[in-house]
Amino acid sequence: MPHKPPTKEELEKRKIVGVNLETVTDVSSTDFPGHYPGEDHAWDIERFKRGFSVEFHQNDPHEASFSLIGIDASIANAFRRIMIADVPTLAIENVFVWNNTSVIQDEVLAHRLGLIPFTGGREGLTDFLKWYRKPANGDPAECKDFNTVALELNVKCEHNENADPNETDPTKLYHHAHVYAKDIVFKPIGRQVDYFSGEDIIRPVNPDILIAKLRPGQEINVQMHMHKGVGSDHAKFSPVATASYRIMPTITITQPILGRDAEKFQRCFPKGVIGLEKVTAEEAAQKGSGYEGHEGELKAVVVDPKSDTVSREALRHEEFKDKVKLGRRRDHFIYLVESTGQWKSDAIFLESVSHLKAKAKALEKQLVNMVR
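Residues numbered from 1 in each chain as written. Predicted model: local features only at pLDDT ≥ 70, side-chain atom pairs only at ≥ 80, totals over all residues. Heavy atoms only, no water.

Quick notes on the pattern of salt bridges
All told, the structure shown has 14 salt bridges when counted by the stated rule. The partner of Lys 15 in a salt bridge is Glu 12, and the shortest N-O contact between them spans 3.6 Å. As a salt-bridge pair, Lys 299 and Glu 283 come within 2.4 Å of each other at their nearest N and O atoms. With Lys 299 in strand S17 (residues 298-302) and Glu 283 in helix H9 (residues 281-285), this residue pair connects regions lying 16 residues apart in the sequence. Where salt bridges share partners, they join Glu 12, Lys 15, Arg 329 and Asp 331 into one cluster. (Salt bridge = Lys/Arg side-chain N within 4 Å of Asp/Glu carboxyl O. Helix = DSSP H or I, 4+ residues; strand = E, 2+ residues; numbered from the N terminus.)

Thoughts on a nonpolar patch on the surface
On the surface, a nonpolar cluster with roughly 440 Å² of combined accessible area is contributed by Leu 363, Leu 367, Met 370 and Val 371. Secondary-structure assignment places Met 370 in helix H10 (residues 345-371). The exposed category is assigned to Met 370, whose relative accessible area is 61%. (Patch = residues over 30% accessible without salt bridge, like charges linked within 9 Å, V, L, I, M, F, W, Y side chains within 5 Å. Areas by Shrake-Rupley, 256 points an atom, 1.4 Å probe, with all protein chains shown as cover. Buried < 20%, exposed > 50% of the residue type's maximum accessible area, 1.4 Å probe, protein only.)

Regarding a negative patch on the surface
A cluster of acidic side chains, namely Glu 123, Asp 127, Glu 199 and Asp 200, defines a negative patch on the protein surface. Summarising the element assignment, Glu 123 is placed in helix H5 (residues 122-128). (Lys, Arg positive; Asp, Glu negative; His and termini not counted. Charge placed at Lys NZ, Arg CZ, Asp CG, Glu CD.)

What about unusual backbone geometry?
In this model, Asp 26 sits at a positive phi of 55°, which is unusual for a non-glycine residue. Residue placement: Asp 26 occurs in the loop between strand S2 (24-25) and helix H2 (45-51). Judged by its relative accessible area of 53%, Asp 26 falls in the exposed class. The phi torsion at Asp 322 lies on the positive side, around 65°, for a residue other than glycine. As for its position among the elements, Asp 322 is in the loop between S17 and strand S18 (324-339).

So, the domain arrangement of the protein
As assigned here, the protein comprises domain 1 (89-237) and domain 2 (255-322). On a C-alpha basis, the centres of domain 1 and domain 2 stand 57 Å from each other. (Domains from an automatic or database assignment.)

With respect to the packing of helix H3 (residues 73-85) against H10
Packing of H3 against H10 leaves a shortest axis separation of 9 Å and a crossing angle of 110°. With respect to each other, H3 and H10 are oriented roughly perpendicular. In the crossing of H3 with H10, the sense of the turn from one axis to the other is right-handed. On H10, the residues that touch Ile 75, Ala 78, Phe 79, Ile 82 and Met 83 of H3 are Ile 348, Phe 349, Ser 352, Val 353, His 355, Leu 356 and Lys 359. Its residues placed into classes, the contact of H3 with H10 shows nine nonpolar, two polar and one charged. (Axes fitted to C-alpha atoms, helices over the stretch in contact; angles between N-to-C directions. Parallel < 35°, antiparallel > 145°, perpendicular 65-115°, else oblique. Left-handed = near helix turned anticlockwise from the far one by under 90°. Contact = heavy atoms within 4.5 Å. Nonpolar A, V, L, I, M, F, W, Y, C, P; charged D, E, K, R; others polar.)

Structural data, given as structure tokens:
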């Protein structure tokens, strides 16, 4: 008996992870060779191109949200991990403390400085600056203009002679009572002035990050060296505050939900997920639709399933039993990427794609060499 090819509805159903009141079903992918007799599920580049798409929901310099549709979870997670751990950034690596009489210990101060995100000219950060190779003997002469960025923080707290005698605010009583990231000064060396000047100067992403609090007589005088690094070495080099994804929720209303039940059903979901519409005359006249005799009544409709948190609240109520099915589409990944500021949020993802391609080519080369 010849195999009957699956319908479009059947193919879509295979992509859904069922979310029930107390269980989750169909969690494993089935689109691999040999699972369905008579069906060819071998990976094909043309088939992948037809099924893959990218949808942007938000694209701001510091935050982006987008969907990758038609890829496997392993690839989606690879992009996430690369964005967190493999995209290089510039951060403070070495702190030379010449004087620190604040209440913050030297090592704590160095740690706080290292976590401050910086930005600068894109061409200089990506093309001019190279990796710093730490010499075995620690010779500082190895620091060059193409692998090291020098910074300086030299702040001393003093009395404000013009302050009101009854003033209690330390920021008005003293000069430099608070030390901020904006007090850090970039010291260009060599050709750095060609890449990092004007609007492209090396500077903190947020100038108002509080570093320390001082009182008269206390001062901080440190010099810092910045190097390129990746998040797998230290979190301060990660270009993202967070890079995460979730699987697209699905909400299928199988039977009409009307009137007060529709209003209650709407309250079971986050705002905007479920909408209320009036039953039209055409729907009420359609035999077997479930809307017969309900013209003008409110009905529940799915408006924005992407915003659902899949809390399963609707499944707890008896009046909605067998009227709704919840799930997630296993090949639809909704990303949220928050940049720390050195990279634009969408550029971080594009860079992760380049890194994954490079890793795949390196693996291919190793396999070729292995079988020779």
